[in-house]
Amino acid sequence: MPQVKKPPSPADLAADCAVSPAGEKFPIPQPSEYGAEYARLEKLAAKARAEGKEVVVVMGLGFVGAVMAGIVADSVDRKGQSAKFVIGCQRPSPRSYWKIPLLSRGESPVKAEDPEVAPLIARCVRDKKTLVATYNSDCLKLADCVVVDVQCDYAKKSLGDMRTGEADMAALEATMRAIGENIPPKCLVLIETTVAPGTTEFVAWPILKKAFRVRAIRSIPLLAHSFERVMPGRHYIASIRDFWRVCSGCNAEARKRVEKFLTQVLNTKDFPLTVMDRPIESETTKIVENSYRATILAFLNEWSLFAERNGVDLIKVIEAIKVRPTHSNLIFPGPGIGGYCLPKDGGLGYWAYRHILGFEDGDTIFKITPTAIDINDTRGLHVAELIRDALRNMGRYIAGADVLICGASYRQDVGDTRYSGSEIIVRKLTEMGAEMRVHDPYIDHWYELEAQETYPAPGHSWKRFFRNQDALASLRVQHDLRAALKGAEALILAVPHTPYLALDPDEVVGWAGGPLAVVDCYGILTDEKIGRYFELGCEVKALGRGHIQRIKEEVRRRGRD
Ligand SMILES: NC(=O)c1ccc[n+]([C@@H]2O[C@H](COP(=O)([O-])OP(=O)(O)OC[C@H]3O[C@@H](n4cnc5c(N)ncnc54)[C@H](O)[C@@H]3O)[C@@H](O)[C@H]2O)c1
């Protein structure tokens, strides 16, 4: 996955406790407990140092930080000995505190499809004893190196117009202040968070320098940047440890230190580091890398519509193009892009140009990146049109229709629902009066809907862009496809999860209890299956697949003969 953490209910937020995804409640520590907690960490750090280990504090135990903390704690030196002692530090908020007691027991706070994640955390906490977790940011006083993995969001104000949004750096700035107030002067601080270009040198470094001045420390803070390229899914750990990294430092010493640190904890032998002169260059690398991906996905939206209206199957067009090695990374965009990074990272760059770097001509310069994000954010709306039209062709109406969406994740075979195209589809169809059902083999709870008042944060749900959304809080993800299909009038194949590729039209129609409207968002259906659905009396439509009309006419012609 990663599976999304359970957001707290309003009652939990008001209470002094945090609730784990499994529903376990943990009381949030009282101020009186902080002293004893620091004494515990001090003892552990002293022992680790006596054993020749370096103390590494990882700030933020989210999707990236929790696994990065495990990777650092699992690393060994040339003699095969553990050389790092890791303290994972997480703020003790009602939303997140539960991660600390879980990790302290040796349980991963992120559930992942990668079978290596849980054993990695368990091994480091229980056997190697190289990983502990805490809520007390005083642990920063003990650090030789701090790795920053807190979030930095881009908050959009309207759907389909990213230019009106703004970066939300509050968590990152608060973390940098805590670091500046606590770290030893020679501690290396490594920002891994994806940040707006310029943040490391022009926002974070000044915060550290000011804190050092207040503490009468004369040396310059050692600050570096190296962004994450983690990919959710079965190769979660490898996407952090066994993958190419880019890094840079605010000065030569920081650059040298970050190179050394990453070489010690990652597989840089097989995946060499790229060291850049300045952090703004490595920050920009991340933003351009993800804006590029967002752009090539958005670019296909217009050809997808062209294909639908002119008898062309874009899936086959893409396959035909991809045989050229120079064009092999074309990918069909599905009903939206999603994931945490692609919808926001270009926004961070656009925003930084004006608000960090001070240029006023952002709208003259940035044409493609904002348009790409806007297209990707709204592509799912067209799926609602296809469902409406398919039902209409069957003499039915969207209002009151029972519609099943198969797949809530943003990509195949992962349980990550963040900013998925499926959410836009469900919200739009709900606005149009459909009765929605959802099936996804990888998701237990679709928190974007179930907890829409508080997730991803109060007032930040996509709910705010649509009307009539309240009932979605009670929508539950089903795992029995047969039961989910019973009586459905429409089926949306939204994500190419492996089990959906094998679905048999006869079985689907049998389980539904009769012909239904089928919309394929991801090139999931073969031409044979599309033909079979038509033979069974269904209506079929698909994103980017205009040849379906031909198949329909062919089936009808055969029926007449
Ligand atoms: N998740 C991905 O797939 C992915 C991929 C590549 C890059 N990234 C980047 O990595 C960064 C982290 O992403 P994530 O998915 O782990 O986010 P996340 O929201 O899962 O985790 C961030 C964690 O930091 C904690 N935190 C916030 N402020 C804190 C503070 N002051 N002290 C201690 N902890 C604090 C939060 O409570 C949370 O647990 C982001 O910049 C993201 O863009 C993420």
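The notes below deal with the structure included here. Residue indices begin from 1 for each chain and proceed along its sequence in written order. Only residues with pLDDT of at least 70 are given local features in this predicted model, and only at 80 or more are side-chain atom pairs given and counted; all residues enter the totals for whole chains, interfaces and linings. Just so you know, side-chain values use all the structure's heavy atoms and leave hydrogens and water out.

## Focus: the overall build of the chain
So, step 1. Under the DSSP-based scheme used, a helix requires at least four consecutive residues in state H or I and a strand at least two consecutive residues in state E, with every element numbered from the N terminus. For the chain, the helix and strand inventory stands at 22 helices and 18 strands.
So, step 2. All radius of gyration figures rest on C-alpha atoms, and the globule criterion is 2.2 Å times the number of residues raised to 0.38. Here the C-alpha atoms of the chain give a radius of gyration of 25 Å, agreeing with the 24 Å that 2.2 N^0.38 yields for 561 residues.
So, step 3. Oriented by its inertia axes, the alpha-carbon framework of the chain measures out at about 90 × 50 × 45 Å.
So, step 4. Within the chain, the proportion of its 561 residues that are buried is 56%. Here the term buried applies to any residue with accessible area under 20% of the maximum for its type, exposed to any over 50%, and partly exposed to those in between, with areas from a 1.4 Å probe on protein chains only.

## Regarding the sheet that holds strand β16 (residues 490–493)
So, step 1. DSSP bridges decide pairing: two strands pair if at least two such bridges lie between them. Strand order in the open sheet formed by 6 strands is β15-β14-β13-β16-β17-β18, with parallel pairing between adjacent strands. At either end of the open sheet lies a strand with only one pairing partner, and these are β15 (477–478) and β18 (539–542).
So, step 2. The pairing of strand β14 (residues 435–439) with β15 spans 2 bridges and is parallel. In the sheet register, H439 faces β15, and the bridge partner there is Q478.

## Considering helix α6 (residues 170–182)
So, step 1. In this model, α6 (13 residues) spans 19 Å end to end at C-alpha, consistent with the 18 Å of a helix rising 1.5 Å per residue.
So, step 2. When checking whether two residues touch, look at their non-hydrogen atoms; a contact exists if any pair is within 4.5 Å. Among the structural elements, β3 (54–59), β6 (145–148), β9 (188–191), α7 (199–214) and β10 (222–225) are those in contact with the buried residues of α6. Given the number of residues in a helix, its expected span is that number minus one, multiplied by 1.5 Å.

## A few points about the pairing of β10
So, step 1. Of the two faces of β10, both are covered, the one formed by L222 and A224 as well as the one formed by L223 and H225.
So, step 2. With 4 bridges connecting them, β9 and β10 associate as parallel partners. Paired with L190 across the strands is A224, a residue of β10.
So, step 3. Crossovers are described as right-handed under a simple rule: with the strands pointing away from the observer, the path leading from the first strand over the helix to the second runs clockwise. Note that the unit made of β9, α7 and β10 has a crossover that is right-handed.
So, step 4. By the bridge criterion, 2 bridges tie β10 to strand β11 (residues 246–249) in an arrangement that is antiparallel.

## Comments concerning helix α21 (residues 527–535)
So, step 1. K529, I530, G531, Y533 and F534 are the residues of α21 that are buried.
So, step 2. On its buried side, α21 packs onto α19 (498–501), α20 (505–512), β17 (517–520), β18 and α22 (548–560).
So, step 3. Of the residues flanking the end of α21, it is G537, one or two places downstream, whose phi is positive at about 90 degrees.

## Overview of the site of the ligand
So, step 1. The environment of the ligand is formed by 25 residues, the closest being V64, Q90, K99, T194 and K344.
So, step 2. Here a polar contact is recorded for every N or O atom pair within 3.5 Å, except that within protein the pair must consist of a potential hydrogen donor and a potential acceptor, and residues adjacent in sequence are included only if both atoms are side-chain atoms. In the model, a nitrogen atom of the ligand is placed 3.0 Å from a nitrogen or oxygen of the T175 side chain.
So, step 3. The method behind every accessible area is Shrake-Rupley, applied with a 1.4 Å probe, and residues are considered shielded solely by the protein chains displayed. Relative to its free-state accessible area of 830 Å², the ligand is covered by the protein chains to the extent of 93%. Near residues are defined by distance, with any heavy atom within 4 Å of the molecule or strand qualifying the residue.

## Regarding the pairing of β14
So, step 1. Counting buried positions along β14 gives 4 out of 5 residues, so the element sits mostly inside the fold.
So, step 2. Summarising the sheet, strand β13 (residues 402–406) and β14 pair through 5 bridges and their orientation is parallel. Within β14, the position partnered with V403 by the bridge is M436.
So, step 3. In this fold, β13 hands off to helix α16 (residues 421–431), which returns the chain to β14; that crossover is right-handed.

## Side note on the pattern of salt bridges
So, step 1. Throughout this description, the term salt bridge denotes a Lys or Arg side-chain nitrogen within 4 Å of a carboxyl oxygen of Asp or Glu. Scanning the entire structure with this criterion turns up 42 salt bridges.
So, step 2. The partner of R245 in a salt bridge is E228, with the nearest N and O atoms 2.6 Å apart. Of the two residues, R245 sits in the loop between α8 (236–241) and β11 while E228 sits in the loop between β10 and α8, which places them 17 residues apart along the sequence. Each member of the pair, R245 as well as E228, is classed as buried.

## Some words on the sheet that holds β3
The strands making up a sheet are joined through hydrogen bonds of the backbone, oriented either antiparallel or parallel.
So, step 1. The 8 strands are arranged β5-β4-β3-β6-β9-β10-β11-β12 in an open sheet whose pairing can be described as mixed. Each edge of the open sheet is held by one strand with a lone partner, namely β5 (131–134) and β12 (274–275).
So, step 2. Of the pairings in the sheet, the one linking β6 to β9 comprises 4 bridges and is parallel in character. Along β9, the bridge assignment pairs V147 with L190.
So, step 3. Helix axes are fitted only over the stretch in contact, all axes being lines through C-alpha atoms; the angle between N-to-C directions runs from 0 to 180 degrees. Packing of helix α2 (residues 34–50) onto the sheet brings it into contact with β3, β4 (84–89) and β5, and relative to β5 it is tilted by some 160 degrees.
So, step 4. Lying on the sheet, helix α3 (residues 65–74) is in contact with β3, β4, β5 and β6; it crosses β4 at an angle near 165 degrees.

## Remarks on the nonpolar core
So, step 1. Grouping buried Ala, Val, Leu, Ile, Met, Phe, Trp, Tyr and Cys residues that are joined through side-chain atoms within 4.5 Å yields what is termed a nonpolar core. If you look at the biggest cluster of nonpolar residues, it comprises 65 residues, and the most contacted ones within it are L429, L485, L491, I492 and L516.
So, step 2. A total of 6 residues in this core trace back to one element, the largest contributor, which is helix α15 (residues 380–393).
So, step 3. When neighbours within four sequence positions are excluded, L429 is seen to be in contact with A384, I387, I398, V403, A434, M436 and I492.
So, step 4. Formed by 49 residues, the second largest nonpolar core is a distinct cluster that contains L142, L172, A204 and I217.

## Details of the side chain of K463
So, step 1. Looking at where K463 falls in the secondary structure, it is placed in the loop between α17 (447–450) and β15.
So, step 2. In this structure K463 comes out as buried when scored by relative accessible area, which is 18%.
So, step 3. Excluding residues within four positions of it along the chain, K463 makes contact with R427, Q452, E453, Q469 and D470.

## A few points about the packing of α21 against α22
So, step 1. In contact at an axis separation of 9 Å, α21 and α22 are set at 50 degrees when each is read in the N-to-C sense. Viewed along their axes, α21 and α22 adopt a mutual orientation that is oblique. For the crossing formed where α21 meets α22, the hand is right-handed. Seen from α21, the contacting residues are D527, I530, G531, F534 and E535; seen from α22, they are I548, I551, K552, V555 and R558. Any angle from 65 to 115 degrees is called roughly perpendicular, while one under 35 is roughly parallel, one over 145 is roughly antiparallel, and all others are oblique. Crossing handedness follows the turn of the near helix against the far one: under a right angle anticlockwise gives a left-handed crossing, and clockwise gives a right-handed one.

## Digging into the packing of aromatic side chains
So, step 1. Only rings of Phe, Tyr and Trp enter the pairing, Trp through its six-membered ring, and a pair is recorded when the two centres are within 6.5 Å. The plane angle decides the type: under 30 degrees is stacked, over 60 is edge-to-face, the rest tilted. In the structure shown here, the tally under the stated rule is 10 aromatic pairs.
So, step 2. Aromatic side chains Y353 and F359 sit 4.7 Å apart centroid to centroid with 10 degrees between the ring planes, which places their arrangement in the stacked category.
So, step 3. Residue classification places F359 among the partly exposed residues on the basis of a relative accessible area of 42%.
So, step 4. Ring geometry for Y419 versus W462: centroids 5.5 Å apart, planes at 65 degrees, classification edge-to-face. One end of the pair, Y419, is in the loop between β13 and α16; the other, W462, is in the loop between α17 and β15, and 43 residues separate them in sequence.
So, step 5. Taking relative accessible area as the criterion, Y419 reaches 29% and is therefore assigned partly exposed.
So, step 6. For W462, a relative accessible area of 10% translates into the label buried.
So, step 7. Cluster of aromatic residues (ring-pair linked, three or more members): Y350, Y353, F359 and F366.
So, step 8. The rule for a charge over a ring is simple: NZ of Lys or CZ of Arg within 6 Å of the ring centre, and within 35 degrees of the ring normal. The ring of F332 has R379 lying over it, and the distance from NZ or CZ to the ring centre is 5.6 Å.

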